[in-house]
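Commentary on secondary and tertiary structure
So the chains spell out like this:
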Amino acid sequence: KALNGNIMCEGAQGFWLDINQGNYPYVTSSYTLPYSSCSLGFPPKKIRDIYGACKIYDTRVGEDLELDKMVNKYNNDNDKKILVEIGDVGNEFGATTGKRRNVNWLNMDNLIESVNISGCNNIIISKTDILEKIDIFRLIYKDKINSFNSMDEMKNGISKILNKECVLLKNIVFSDNPI
């Protein structure tokens, strides 16, 4: 039976958990990227918009030695305490297990790669309010920690980087998470 009308497909998990593109062996057993929506019965050329979603900081539940290496590479003991605070303020605990999520600064290099490979033309970056609450604004770009004086400055920096590095990207939306 043919699909008609406007259809929205929602993926689960995240880019780095995709069985093909993910951070093997720390992946799920299925596809998490937009191409998997074509298994519903329509050709890839029918996809008009691809929305990506991420937080203004990185998180991961469960084991991921790559994230652990990055946390240790970029952060001293005081920074690690700040990352734990971000997790507490952001309520970063697994929805099913309740296990504490590992937190790190937003890795722009990984975000750029995921946006470009997935073909995102719209991205929503959430939880900006969490960094505003702790008043620390950092991200990782080109293997360095970049610090900003305010959320507005950080948003401008992120927008500039993404617009330069992601040719398909049309819209960047920043969102807080009102509680």
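Above this note sits the structure.
I will try to describe carefully the structure that is included in this document. Computed from a predicted model, the values in this text were never measured in an experiment.

**Quick notes on the sheet that holds strand β4 (residues 122-126)**
As summarised here, the arrangement of the three strands in space is β1-β4-β7, forming an open sheet in which the pairing is parallel. Because the sheet does not close on itself, it has two edges, and the strands there are β1 (51-55) and β7 (171-174). Across the sheet, the mean angle separating the axes of adjacent strands is 15 degrees when strand polarity is ignored. Across the sheet, helix α5 (residues 151-165) is in contact with β4 and β7; its angle to β7 comes to roughly 160 degrees.

**What to know about the packing of helix α3 (residues 108-118) against α5**
It is the contact of α3 with α5, at a shortest axis distance of 10 Å, that shows an interaxial angle of 40 degrees. With respect to their mutual orientation, α3 and α5 come out oblique. The way α3 lies across α5 gives a crossing that is right-handed. Across from Met108, Leu111, Ile112 and Asn116 in α3, the residues of α5 making contact are Ile158, Ile161, Leu162 and Glu165.

**Quick look at the nonpolar core**
The tendency in soluble globular proteins is for nonpolar side chains to be buried as a group. Judged by nonpolar contacts, the single largest core of 36 residues is most densely connected at Ile86, Met108, Leu131, Met154, Ile158 and Leu162. By residue number, the principal contributor to this core is α5, which donates five residues. If we ignore the near neighbours within four places in the chain, the residues touching leucine 162 are Met108, Leu111, Ile112, Ile123, Ile125, Leu169 and Ile172.

**Things to note about the environment of cysteine 9**
On the secondary structure map, cysteine 9 appears in the segment before β1. Distance in space between the C-alpha atoms of cysteine 9 and isoleucine 50 is 9.5 Å, their sequence separation being 41 residues. Once you skip the residues sitting within four places of it in the chain, cysteine 9 turns out to touch Ser37, Leu40 and Phe42.

**Digging into the sheet that holds strand β5 (residues 137-141)**
Reading across the sheet, the four strands line up as β2-β3-β5-β6 and stay open at both edges, with mixed pairing between neighbours. Only two strands of the sheet have a single neighbouring strand rather than two, namely β2 (57-60) and β6 (144-148). Each strand axis lies, on average, 45 degrees off the axis of its neighbour in the sheet, ignoring direction. One ladder, built from five bridges, connects β5 with β6; its direction is antiparallel. Within β6, the position partnered with isoleucine 140 by the bridge is isoleucine 145.

**Quick look at a negative patch on the surface**
A grouping of Glu132, Asp135, Asp152 and Asp176 is seen on the molecular surface, where their side chains present a negatively charged patch. Residue placement: glutamate 132 occurs in helix α4 (residues 128-134).

**Some details on the pattern of salt bridges**
Taken as a whole and judged by the stated rule, the model has eight salt bridges. Across the pair glutamate 92 and lysine 55 runs a salt bridge, and its minimum N-O distance is 2.7 Å. Here lysine 55 lies in strand β1 and glutamate 92 lies in the loop between α2 (77-89) and β3 (102-107), a separation of 37 residues in the sequence. Looking at glutamate 92, the relative accessible area reads 0%, which means it is buried. One salt-bridge network, held together by shared partners, links Lys55, Glu92, Arg101 and Lys127.

About the thresholds
- Residues numbered from 1 in each chain as written.
- Predicted model: local features only at pLDDT ≥ 70, side-chain atom pairs only at ≥ 80, totals over all residues.
- Heavy atoms only, no water.
- Pairing = 2+ DSSP bridges.
- Helix = DSSP H or I, 4+ residues; strand = E, 2+ residues; numbered from the N terminus.
- Axes fitted to C-alpha atoms, helices over the stretch in contact; angles between N-to-C directions.
- Contact = heavy atoms within 4.5 Å.
- Parallel < 35°, antiparallel > 145°, perpendicular 65-115°, else oblique.
- Left-handed = near helix turned anticlockwise from the far one by under 90°.
- Core = buried A, V, L, I, M, F, W, Y, C linked by side-chain atoms within 4.5 Å.
- Buried < 20%, exposed > 50% of the residue type's maximum accessible area, 1.4 Å probe, protein only.
- Patch = residues over 30% accessible without salt bridge, like charges linked within 9 Å, V, L, I, M, F, W, Y side chains within 5 Å.
- Areas by Shrake-Rupley, 256 points an atom, 1.4 Å probe, with all protein chains shown as cover.
- Salt bridge = Lys/Arg side-chain N within 4 Å of Asp/Glu carboxyl O.
- Lys, Arg positive; Asp, Glu negative; His and termini not counted.
- Charge placed at Lys NZ, Arg CZ, Asp CG, Glu CD.

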